[in-house]
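# Coordinates in review
Chain by chain, the residues run as shown.
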Amino acid sequence: MDEISKLQEMNCRLSGRINQLENEVVELKRLSESQKHKISLEQNRRNELNEIPFSQSMNYRQFIQNNHEVVKLINDGCSNEDISQKLNKSICEIEMIRRFIK
């Protein structure tokens, strides 16, 4: 009788462990699918960037070089009004640059 109760107890523990492992496998599959999806999105984004014609890419680089002071202040979190006052540029120009780089 004692052995039967020990075996039943062991059986319960093993069943619990099996359920736990099954849940972990399901979670790992979900994480794997999530990672595959993220990798796929990243590859698609890279492909889209590679499809930008060189002339447009060159124009963008030139724009950033010509407006590097404004871009730096925007990245630092300055408001349009602050940038306008610091660089003596119009607020409309600052807004246009901000929209373009986003």
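Structure: see above.
One structure accompanies this document, and this report is about it. Throughout this document, residue positions are counted from 1 along each chain, in the order its sequence is written. The predicted nature of this model means local features are confined to residues of pLDDT at least 70 and side-chain atom pairs, given and counted, to a pLDDT of 80 or more, with totals for whole chains, interfaces and linings taken over all residues. Here the side-chain values reflect all heavy atoms present in the structure, with hydrogen atoms and water set aside.

### Considering the nonpolar core
Within this scheme, the nonpolar core is defined by two criteria: the residues are buried Ala, Val, Leu, Ile, Met, Phe, Trp, Tyr or Cys, and they are joined through side-chain atoms within 4.5 Å. Burial classification: accessible surface area is computed with a 1.4 Å probe over protein chains only, and a residue below 20% of its type maximum counts as buried, one above 50% as exposed, and the rest as partly exposed. Formed by F63, V70, V71, L73, I74, C78, I83, I94 and I97, the largest nonpolar core amounts to nine residues. Other than its neighbours up to four places away in sequence, F63 contacts M96, I97, F100 and I101. Throughout, a residue-residue contact means that at least one pair of heavy atoms, one from each residue, lies within 4.5 Å.

### With respect to unusual backbone geometry
With a phi close to 55 degrees, N88 is a non-glycine residue in the positive phi region. Per the convention used, a helix needs a DSSP run of H or I reaching at least four residues, while a strand needs a run of E reaching at least two, with both numbered from the N terminus. Mapped onto the elements of the fold, N88 is located in the loop between α4 (80-87) and α5 (91-101).

### Side note on the side chain of R98
Within the secondary structure, R98 sits in helix α5. No salt bridge forms around the buried R98; measuring N to O, its nearest opposite-charge neighbour E81 is 7.5 Å away. Whenever two N or O atoms come within 3.5 Å, that pair is a polar contact, provided that in protein one can donate a hydrogen and the other can accept it, and provided that, for residues adjacent in sequence, both atoms are side-chain atoms. At 2.9 Å, the side chain of R98 forms a polar contact with the backbone oxygen of C78. Filtering out sequence-adjacent residues up to four positions away, R98 remains in contact with I74, C78, S79, N80 and I83. For the charge count, each Lys or Arg is scored as positive and each Asp or Glu as negative, with His and the chain ends excluded. Within this document, salt bridges are pairs made up of a side-chain nitrogen of Lys or Arg and a carboxyl oxygen of Asp or Glu, the two lying within 4 Å of each other.

### Notes on the environment of L73
Along the chain, L73 turns up in helix α3 (residues 68-75). Expressed as a C-alpha distance, the spacing of L73 and L87, which sit 14 residues apart in the sequence, is 9.9 Å. Residues within four places of L73 in sequence aside, it is in contact with C78, I83, K86 and L87.

### Digging into α5
Listed in full, the buried residues belonging to α5 are I94, I97 and R98. One side of α5 holds all its buried residues, which, seen down the axis, span an arc of 100 degrees. The outward face of α5, more than 90 degrees from its buried face, is lined by the exposed residues C92 and R99. An arc is given here, and it is the one of the directions from the helix axis to the C-beta atoms.

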